[in-house]
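Reading the structure
Next come the chains, spelled out residue by residue.
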Amino acid sequence: MFSFCTDPSTLPDWQWMACYLTTGKHMSIYWSVLTVLSLLAITAPIALLFGFGGASAARAQVAPLRWLGKSYISIVRGVPDIAFFLFFVIALDQGIEYLRHKALCPDATAPIRQGSDFVVCQAAKMPLGSAPQWVHETYGFSLAVLTFAIVFGAFAANVLFGAMQAVPRAQLETAESYGMTQRQTFWRILVPQMWVFALPGLSNLWMILIKATPLLFLLGVEDIVYWARELGGTKTPRFTDYPHGDWRMWYFLALLVFYLLFTRVSEVVLARIMARLTRGQATAAGEAQRKATS
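The rules behind the values
Residues numbered from 1 in each chain as written. Predicted model: local features only at pLDDT ≥ 70, side-chain atom pairs only at ≥ 80, totals over all residues. Heavy atoms only, no water. Helix = DSSP H or I, 4+ residues; strand = E, 2+ residues; numbered from the N terminus. Rg over C-alpha atoms; globule rule 2.2 N^0.38 Å. Buried < 20%, exposed > 50% of the residue type's maximum accessible area, 1.4 Å probe, protein only. Contact = heavy atoms within 4.5 Å. Areas by Shrake-Rupley, 256 points an atom, 1.4 Å probe, with all protein chains shown as cover. Lys, Arg positive; Asp, Glu negative; His and termini not counted. Charge placed at Lys NZ, Arg CZ, Asp CG, Glu CD. Polar contact = N/O pair within 3.5 Å; in protein donor to acceptor, adjacent residues only side chain to side chain. Salt bridge = Lys/Arg side-chain N within 4 Å of Asp/Glu carboxyl O. Axes fitted to C-alpha atoms, helices over the stretch in contact; angles between N-to-C directions. Parallel < 35°, antiparallel > 145°, perpendicular 65-115°, else oblique. Left-handed = near helix turned anticlockwise from the far one by under 90°. Phe/Tyr/Trp six-rings, centres within 6.5 Å; stacked < 30°, edge-to-face > 60°. Expected span 1.5 Å × (residues − 1). pLDDT = per-residue confidence, 0-100. Core = buried A, V, L, I, M, F, W, Y, C linked by side-chain atoms within 4.5 Å.

1. Brief notes about the overall build of the chain
Secondary structure assignment for the chain yields ten helices and two strands. Ordered by position from N to C terminus, the α and β elements of the chain give α-α-α-α-β-β-α-α-α-α-α-α. Taken against the 2.2 N^0.38 rule, which gives 19 Å for 294 residues, the C-alpha radius of gyration of the chain at 25 Å runs more than 25% over that of a compact globule. For the chain, the proportion of its 294 residues judged to be buried stands at 36%. By sequence separation, contacts in the chain at least 24 residues apart represent 66% of the contacts at least 6 residues apart. For the chain, the exposed area adds up to about 17400 Å²; of that, 65% sits on carbon and sulfur atoms. Distance between charge centroids for the chain: 13 Å, based on 23 positive and 17 negative side chains.

2. Let's talk about the side chain of His 26
Summarising the element assignment, His 26 is placed in helix α2 (residues 24-58). Polar contacts involving the side chain of His 26 include one to the side chain of Tyr 251, which spans 2.6 Å. Among residues more than four places away in sequence, those in contact with His 26 are Tyr 20, Leu 21, Leu 231 and Tyr 251.

3. Some thoughts on the side chain of Glu 97
You can see Glu 97 is positioned in helix α4 (residues 81-104). Among buried charged residues, Glu 97 stands out as having no salt bridge; its nearest opposite-charge side chain is Lys 125, 4.9 Å away. Sequence-distant contacts of Glu 97, defined by excluding residues within four places in its chain, comprise Phe 118, Val 120, Ala 124, Lys 125 and Met 126.

4. A word on the packing of α2 against helix α5 (residues 133-166)
The N-to-C vectors of α2 and α5 enclose an angle of 45°; their axes lie 5 Å apart at closest approach. As summarised for this structure, α2 and α5 are arranged oblique, according to the angle between their axes. Two packed elements cross with a definite hand, and for α2 against α5 that hand is right-handed.

5. Structural notes on the packing of aromatic side chains
Centre-to-centre distance and the angle between the planes together describe a pair of aromatic rings. Evaluation of the coordinates by the stated rule reveals nine aromatic pairs. Relative to Phe 186, the ring of Phe 52 lies with its centre 6.0 Å away and its plane at 55°, an arrangement referred to as tilted. Of the two residues, Phe 52 sits in helix α2 while Phe 186 sits in helix α7 (residues 182-212), which places them 134 residues apart along the sequence. Phe 186 shares its class with Phe 52; the two are buried. Cluster of aromatic residues (ring-pair linked, three or more members): Trp 206, Phe 258, Tyr 259 and Phe 262.

6. Looking at helix α9 (residues 248-278)
Here α9 is 31 residues long and its end C-alpha atoms lie 44 Å apart, about the 45 Å a rise of 1.5 Å per residue gives. Of the positions making up α9, those classed as buried are Tyr 251, Leu 255, Tyr 259, Phe 262, Thr 263, Ser 266, Leu 270 and Thr 278.

7. Observations concerning the environment of Phe 84
Mapped onto the secondary structure, Phe 84 falls in helix α4. For Phe 84, a relative accessible area of 12% puts it in the buried group. For Phe 84 and Gln 184, which are 100 residues apart along the polypeptide, the C-alpha to C-alpha distance reads 37 Å. Setting aside residues no more than four positions away along its own chain, Phe 84 makes contact with Val 76, Val 79, Val 89, Thr 147, Ile 150 and Val 151.

8. As for the confidence of the model for the chain
Mean pLDDT for the chain: 82, with 91% of residues reaching 70 or above. When pLDDT is averaged over each helix and strand of the chain, the minimum, 47, is found for helix α10 (residues 284-293) and the maximum, 90, for α2. Note on residues 284-290: pLDDT under 50 across the span, and ten contacts to partners over four residues away in sequence or across chains.

9. Some points on the nonpolar core
Within the largest apolar cluster, 64 residues are counted, with the highest numbers of intra-cluster contacts made by Phe 148, Phe 152 and Met 194. Looking at this core, the element that brings in the most residues is α5, giving 15 residues. Apart from the residues lying within four places of it in its own chain, the contact partners of Phe 152 are Ala 47, Phe 85, Leu 205, Ile 208, Leu 209 and Ala 212. Judged by nonpolar contacts, the second largest core, of six residues, contains Cys 105, Phe 118, Val 120 and Cys 121.

10. Some words on the environment of Phe 239
Secondary-structure assignment places Phe 239 in the loop between α8 (224-232) and α9. In this structure Phe 239 comes out as exposed when scored by relative accessible area, which is 66%. Taking the C-alpha atoms as reference points, Phe 239 and Ala 55, separated by 184 residues in sequence, lie 54 Å from one another.

11. Let's talk about the pattern of salt bridges
Within the structure shown, the criterion is met by five salt bridges. A salt bridge links Asp 246 to Arg 248; its shortest N-O distance comes to 2.6 Å. Given a relative accessible area of 42%, Asp 246 falls into the partly exposed group. Assessed through its relative accessible area of 37%, Arg 248 is described here as partly exposed.

Okay, structure coming up:
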């Protein structure tokens, strides 16, 4: 906070705006950018792990495992994202509290389901009511990360399954003819080659994940969308030293610029990764590189 912000009503416009943009509440929207970036940094590898597991299960020779992998891909992909997010977070939260209630309050006699209410003992609450604010925020963020990872893991599984199928069967048969086991063929031949086929789909999935981060707002996490709506709404002198009209359009315009810049940077990075992976590969991109350098 600037030292000249003691009496905002007497400041010229540029100083007023400088003071306004450095208030404690505005620091919250700046920190919320880190929340979005942290969600992406944590969710992407976890979703990829879910996807790899789902794709591997979907092509397994053991029938129950194959059914499990294909069911995971089909069910999650077939449910609208918003519906799954809202349902899964509530169901997971209540499931955790139910198990804690049974373990920590075995003598409780009151039913947990009381009409439309879900009531557990105080010791089973997640997190506890006496827990500090950062615990509540971390718990909500963790549920959001897990939900995002499961949903986008199903899409990643579909992409990786298709990439595995795209690897020429002749190469796998050649590896087997040289005496490689199925495990060796999978890790040494199939997995290294599938990435060049998977990256275009994974790139699109990354872009969709970026655009889906505003769903944090629906999950109760105070992200940039929450603060844009909160700070951009009309503020009167009764509640703030910096009264203003409805500025939500400007706040959401700033979000538009932020997401456009972020996706543009992602496109550049992904294009370089794709160029590196396709170098020397027998693919259309690899052939284009050979022609460009010849």
